[in-house]
Amino acid sequence: MAVELKTGRMPQVERVREHLLALKEQQTEPVCAYIRDVTALVAHVHQRVQSMPESSQLFYAIKANSEEEVLQALAPVVHGFEVASLGEIVKVRQISADIPILFGGPGKTEAELQGAIEHKVRLIHVESMHELNKLNEIASQNDVRVSVLLRINLKGPLPQATLAMGGRPTQFGIDEVMLPHVMNQIRHLPHIQVGGFHFHSLSNNLDAEQHVKLVEYYCTIARDWARQYGFTLRYLNAGGGIGVNYAHLEQQFDWNTFVDGITPVLEKELPPETTLLFECGRYLTASSGYYATEVLDVKVNHSKTYVIVRGGTHHFRLPVSWQHSHPFELIEVEGWMHPYDRPEVKEAAYTVAGQLCTPKDILASDITSGRVRAGDILLFHFAGAYGWAISHHDFLSHPHPQHIYLQ
Ligand SMILES: *Cc1c(COP(=O)(O)O)cnc(C)c1O
């Protein structure tokens, strides 16, 4: 029935397909749904946590997908959550009163810092000297000492990836050249306790060996700085940034190579009193999420073929944000109930567009995968991270997709 994508995870996808075909039978409205395979999500993350070296912990960066069901499912599995706003702190605390929270992000307001203290955030990632001063003052008013990690934007050079937050000028972290000044100033901030360093330098890195080198670099530089400035390195946060290969689904980040690579590095380079933290988003939630959408129309316009689907980039902004064709499979739906012709494209290349009134509403371009007909369903894979979460849902006021959680 379906045009198979080479993903190496067929049984799990089969369940999603069956669910969609059942949905199509039950309803008259065109299919449009996000599906999260919660079983697969938990299995994936659990395996990653279990296989990590003793000295490291895995947090989930919830901005990738902060749906309550996802947080509920992951809370018992991960070591904690990484958040980037007071809103995210509140979301986490709504599902757990005590799960460890790491709080980062540039431009934190006084209310956010106050909220972080009230909600018992474990570590605040401080991004500037001004933020340290502000936090010290708020901590003083609360009569507490706050544990922080200093987020440092390293000089580099760092490995290449889709998005770079460090090793070049960005709004993130404290410039490495400022560190001596900052460490000197911190001596005058009695309500700040420096627990270590935070580096989140890139996103969507696909190369496990490069990632090992990056972690090794972080370990040596953090250890040297702790020694130089005379404090105990309790934590080193190596950020997130493990990627998803959207272009070749069968070639994903090689987790085993990564774990095998960092194990001896940590034994050698990480001080015994230090815990290495990871705060991954995309890598944890992307693979178990799907966006399914029914074909509404097929037409040729100025010699190009367009397949128009129910939904679009207002539900799933990732492909347009990254300027890529998002991988999908076709689920053929038999049976056409209407007295008029069923439009289709057979051999020609086609572009998949949504319902928005903008030529930018494109999910995939110049696809050659055989026949597609109105009423068929396109199932976009690896849609569980930075999909719904980053989209402009109410632009044009079309209905939202259904949100389905397969347990
Ligand atoms: C977004 C973000 C993450 C998660 O990044 P992924 O690329 O999704 O793993 C981790 N840490 C910080 C500080 C972030 O901003």
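Each residue is numbered by its place in its chain's sequence as written, counting from 1. Totals for whole chains, interfaces and linings use every residue, but because this is a predicted model, local features are given only for residues with pLDDT of at least 70 and side-chain atom pairs only at 80 or more, for both listing and counting. As a rule here, side-chain values come from all non-hydrogen atoms in the structure, and water together with hydrogens is ignored.

**Considering the UniProt feature "active site" (unreviewed entry) in the protein chain**
UniProt positions are given in the numbering used here, feature names are shortened, and annotations may be inferred rather than shown by experiment. Listed under "active site" (unreviewed entry) in the UniProt record, and renumbered for this structure, are Cys357. Along the chain, cysteine 357 turns up in the loop between β17 (350-353) and β18 (362-367). Classification of cysteine 357 as exposed rests on a relative accessible area of 70%. Numbered from the N terminus, helices here are DSSP runs of H or I no shorter than four residues, and strands are runs of E no shorter than two. For every residue, the accessible area obtained with a 1.4 Å probe (protein chains only) is divided by the maximum for its type, and the residue is called buried under 20%, exposed over 50%, and partly exposed between those limits.

**Things to note about helix α5 (residues 110-118)**
Those residues of α5 lying buried are Glu112, Leu113, Gly115, Ala116 and Ile117. Contacts: residue pairs with any heavy atoms within 4.5 Å of one another. Packed against the buried residues of α5 are α4 (86-95), β4 (101-103), β5 (123-126), α6 (129-141) and β6 (146-153). Following α5 by one or two positions, lysine 120 has its phi on the positive side, about 55 degrees.

**Quick look at the packing of aromatic side chains**
Think of it this way: a Phe, Tyr or Trp ring, Trp meaning its six-membered ring, pairs with another when their centres are within 6.5 Å, and the plane angle makes it stacked under 30 degrees, edge-to-face over 60, tilted otherwise. This model, assessed by the stated rule, comprises 20 aromatic pairs. With a centroid separation of 4.6 Å and an interplanar angle of 15 degrees, the aromatic rings of phenylalanine 199 and tyrosine 218 are classed as stacked. Linking phenylalanine 199 in the loop between β9 (192-198) and β10 (202-203) with tyrosine 218 in helix α8 (residues 208-229), this pair joins segments that are 19 residues apart in sequence. Grouping residues by exposure puts phenylalanine 199 and tyrosine 218 together as buried. One aromatic cluster is present, formed by Tyr34, Tyr291, Phe316, Phe328, Phe380 and Trp388 through successive ring pairs.

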